[in-house]
2 protein chains.
Amino acid sequence: MSFSPLINELVSAFKILPGVGAKSAQRMAFSLLERNREGALHLSKVLHDAMEHVSHCEQCRTFTESRLCKICENPMRSESGQLCIVESPQDVLAIEQTSEYKGKYFVLMGHLSPIDGIGPAEIGLNELAELLIAESVSEVILATNPTVEGEATAHYIGQMCKEKDIKATRIAHGVPVGGELEYIDGNTLTHAFTGRRQF
Amino acid sequence: MSFSPLINELVSAFKILPGVGAKSAQRMAFSLLERNREGALHLSKVLHDAMEHVSHCEQCRTFTESRLCKICENPMRSESGQLCIVESPQDVLAIEQTSEYKGKYFVLMGHLSPIDGIGPAEIGLNELAELLIAESVSEVILATNPTVEGEATAHYIGQMCKEKDIKATRIAHGVPVGGELEYIDGNTLTHAFTGRRQF
Ligand SMILES: [Zn+2]
Ligand SMILES: [Zn+2]
């Protein structure tokens, strides 16, 4: 790579973005230099501000620049006594977009992964234990991903709830609505059969 | 989209990048917040500096933060008397990587496109006319892209050279080395046949 030093540095810097290789990084640098310097300066500023000011909600651990996120701040979200456990802030958004769920969340910001040194403390389970009592939670909905790590994490938290005598439920796994059986993997099909209900 | 205001703004800001839609912008924002705040702050700084300081080389018009780019600064590049005309700084890089060409460049930063209001002045042809005389150029190599606009631009500059009695050549079009005939478009094949040489 050999543009001017500053352009080389910009191309390199873009490569920290997920899914951005040398070619796209080059395209990004030149597209902004040629056509959108104002937008680029705005991105530079917002990027700086977000990295400096975004931290975690004191209650649910999701990302926010306030002490509490909008959901935790809303007293109506406590009424149901439900607490939905998810792995990431994006999962919260996905569930919120269904407008189905009215309770609160707890965001693990990951999942148990002993091999990477991620144990209960790293995913906030000490804070969760306190929250379960402070918020007098009546149902914990385990909405971690249906992966090996997500299942293990759900299992661990399920045990925690059992010890505290709090009802824990796991979201249903099965064939996605609109999905075609022949393209669904065997594991999902097995879940779909074991989780079948009276028609 | 409804994360905290600052995160929403960051996701929006990433969407100015070419090829980045809502989903990738989200992925970028969270990946940096979770795993690489230092890299993000560095990107923010370099992005700001590049937008503020990168301008055009006074001679060849390529992007650089100096008055002259490294190639124009190098007196050995004037020896051959050759001037290669390309559309973009990335084209310069591509040609430099072949280590084949030892002359200078002139970067149009685009191509003629009357429909978009891009005429000879917008692609620097006034500066080019001056340069042809000041640098006593003996050969102009037209290396614009083999597109309709690239060909029209090459044709226009070729005429300029003819009027000034300067030799102009066009890079060869044909089957790419390693390319398979059956996958080459008809236009390229036509060029390959009309440009054929004694074996
Ligand atoms: Zn919260
Ligand atoms: Zn130059």
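Check the entry above for the structure.
None of the values given here were measured: they were computed from a predicted structure. (Residues numbered from 1 in each chain as written. Chains lettered and ligands numbered in written order. Predicted model: local features only at pLDDT ≥ 70, side-chain atom pairs only at ≥ 80, totals over all residues. Heavy atoms only, no water.)

Student: What is the right way to look at the coordination of the zinc ion (ligand 2) in this model?
Tutor: Ideal coordination angles are 109.5 degrees for a metal with four donors arranged tetrahedrally and 90 or 180 degrees for a metal with six donors arranged octahedrally. Taken together, the protein donors to the zinc ion (ligand 2) comprise Cys57(B) (SG), Cys60(B) (SG), Cys69(B) (SG) and Cys72(B) (SG), at separations of 2.2 to 2.4 Å. What the four donor atoms of the zinc ion (ligand 2) show is an angle range of 105 to 119 degrees at the metal, which sorts the shape as tetrahedral. (Donors = N, O, S within 2.8 Å, 3.2 Å for Na, K, Ca; no water. Tetrahedral: all angles 85-135°; square planar, octahedral: opposite > 155°, others 65-115°.)

Student: I keep staring at the sheet that holds strand β6 (residues 167-170) of chain A and nothing clicks. Help me out?
Tutor: What holds strands together in a sheet is hydrogen bonding between their backbones, with the strands either parallel or antiparallel. Residues and elements named next belong to chain A. Read from one edge of the open sheet, four strands run β4-β3-β5-β6, paired in parallel fashion. Both outer strands of the open sheet, β4 (104-107) and β6, are each paired with one neighbouring strand and no more. Sheet twist, expressed as the average angle between the axes of neighbouring strands with direction ignored, equals 25 degrees. Here strand β5 (residues 139-142) pairs with β6 via four bridges, running parallel. If you follow Glu139 over to β6, its bridge partner there is Lys167. Across the sheet, helix α5 (residues 89-96) lies against β3 (82-86) and β4, angled at about 155 degrees from β4, the strand it touches most. (Pairing = 2+ DSSP bridges. Helix = DSSP H or I, 4+ residues; strand = E, 2+ residues; numbered from the N terminus. Axes fitted to C-alpha atoms, helices over the stretch in contact; angles between N-to-C directions. Contact = heavy atoms within 4.5 Å.)

Student: Just checking my understanding: could you explain the side chain of Thr144(A) for this structure?
Tutor: All names here are of chain A. Looking at where Thr144 falls in the secondary structure, it is placed in the loop between β5 and α7 (148-163). Owing to a relative accessible area of 1%, Thr144 belongs among the buried residues under this scheme. If we skip the residues at most four places from it in the chain, Thr144 touches Ile85, Glu87, Leu108, Gly150, Thr153, Ala154, Arg170 and Ile171. (Buried < 20%, exposed > 50% of the residue type's maximum accessible area, 1.4 Å probe, protein only.)

Student: Would you take a moment to explain the pairing of strand β4 (residues 104-107) of chain B for this structure?
Tutor: Regular strands place side chains that alternate from one sheet face to the opposite one. All names here are of chain B. Both faces of β4 are covered, namely the face carrying Lys104 and Phe106 and the face carrying Tyr105 and Val107. Strand direction decides the pairing type here: strand β3 (residues 82-86) and β4, joined by four bridges, are parallel. Paired with Ile85 across the two strands is Phe106, which belongs to β4. Crossover β3 to β4 through helix α5 (residues 89-96) is right-handed. (Right-handed = clockwise from strand over helix to strand, strands pointing away.)

Student: What is the right way to look at the pattern of salt bridges in this model?
Tutor: A pair can form between side chains of opposite charge whenever their charged atoms are brought close. Enumeration according to the criterion identifies 12 salt bridges over all chains in this entry. Close ionic contact of Glu151(A) with Arg170(A) constitutes a salt bridge, the shortest N to O distance being 3.3 Å. Taken as a pair, Glu151(A) in helix α7 and Arg170(A) in strand β6 lie far apart in primary sequence, 19 residues in all. Assessed through its relative accessible area of 28%, Glu151(A) is described here as partly exposed. On the basis of relative accessibility, which here comes to 26%, the residue Arg170(A) falls in the partly exposed class. Glu58(B) is paired through a salt bridge with Arg67(B); the nearest N and O atoms lie 2.8 Å apart. Comparing Glu58(B) with Arg67(B), the two get one shared label, exposed. (Salt bridge = Lys/Arg side-chain N within 4 Å of Asp/Glu carboxyl O.)

Student: Explain the packing of aromatic side chains here, please?
Tutor: We describe a pair of aromatic rings using the distance from one ring centre to the other and the angle between the two ring planes. Under the counting rule described, the total for this entry stands at six aromatic pairs over all chains. A centroid spacing of 5.2 Å and a plane angle of 65 degrees characterise the contact between Tyr101(A) and Tyr105(A), whose relative ring orientation is edge-to-face. Residue classification places Tyr101(A) among the buried positions, given a relative accessible area of 11%. For Tyr105(A), a relative accessible area of 2% translates into the label buried. Grouping aromatic residues by their ring pairs yields a cluster made of Phe3(A), Phe30(A) and Phe63(B). (Phe/Tyr/Trp six-rings, centres within 6.5 Å; stacked < 30°, edge-to-face > 60°.)

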